[in-house]
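# Overview (structure and organization)
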Amino acid sequence: MAEYIERKALLQDIEAAVCFTVKTRTISSEMRGANKIVDRIKCAPAADVAPARHAHWDGNGRCTACGGHAPFWCMASTYYKSPFCHECGAKMDEVSE
């Protein structure tokens, strides 16, 4: 599965680590290497990632995000609701109030 990161947070982390390790005013090979990495990260294309939607099934079996009906499955004489909405794709992990 692909993993995604926040570019700004990564750059801040690298800059903090470089500032912490550099003790003199001269540009070290470590600093030049860090600058190259920072430049590569800044030029890297951003992934087209949609934010995850979270919802829950209400008392009537409807998705709280879109209002779609919950599909039910019958297993061993017990009905189970789907872990995600088939209409909007919301993950049903939100805690109902």
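Rules used in this analysis
- Residues numbered from 1 in each chain as written.
- Predicted model: local features only at pLDDT ≥ 70, side-chain atom pairs only at ≥ 80, totals over all residues.
- Heavy atoms only, no water.
- Helix = DSSP H or I, 4+ residues; strand = E, 2+ residues; numbered from the N terminus.
- Buried < 20%, exposed > 50% of the residue type's maximum accessible area, 1.4 Å probe, protein only.
- Areas by Shrake-Rupley, 256 points an atom, 1.4 Å probe, with all protein chains shown as cover.
- 1 Å grid on protein atoms, 1.4 Å probe; cavity = no way out; pocket = protein on both sides within 12 Å on 5 of 7 lines; lining within 4 Å.
- Points joined across faces, edges and corners; volume = space filled by probe spheres on them.
- Nonpolar A, V, L, I, M, F, W, Y, C, P; charged D, E, K, R; others polar.

## Points about the overall build of the protein
For the protein, the helix and strand inventory stands at 2 helices and 2 strands. If you list the helices and strands of the protein from N to C, you get α-α-β-β. Looking at the protein as a whole, 18% of its 97 residues qualify as buried. If you sum the accessible surface of the protein, you get close to 8200 Å²; carbon and sulfur atoms cover 56% of it.

## Observations concerning the layout of surface pockets
Taken as a whole, the largest pocket holds about 210 Å³ of empty space. Looking at the largest pocket, the residues that line it are Tyr-4, Ile-5, Arg-7, Leu-10, Ile-41, Ala-44, Pro-45, Ala-46, Ala-47 and Val-49. By residue class, the composition of the lining of the largest pocket is 9 nonpolar, no polar and 1 charged.

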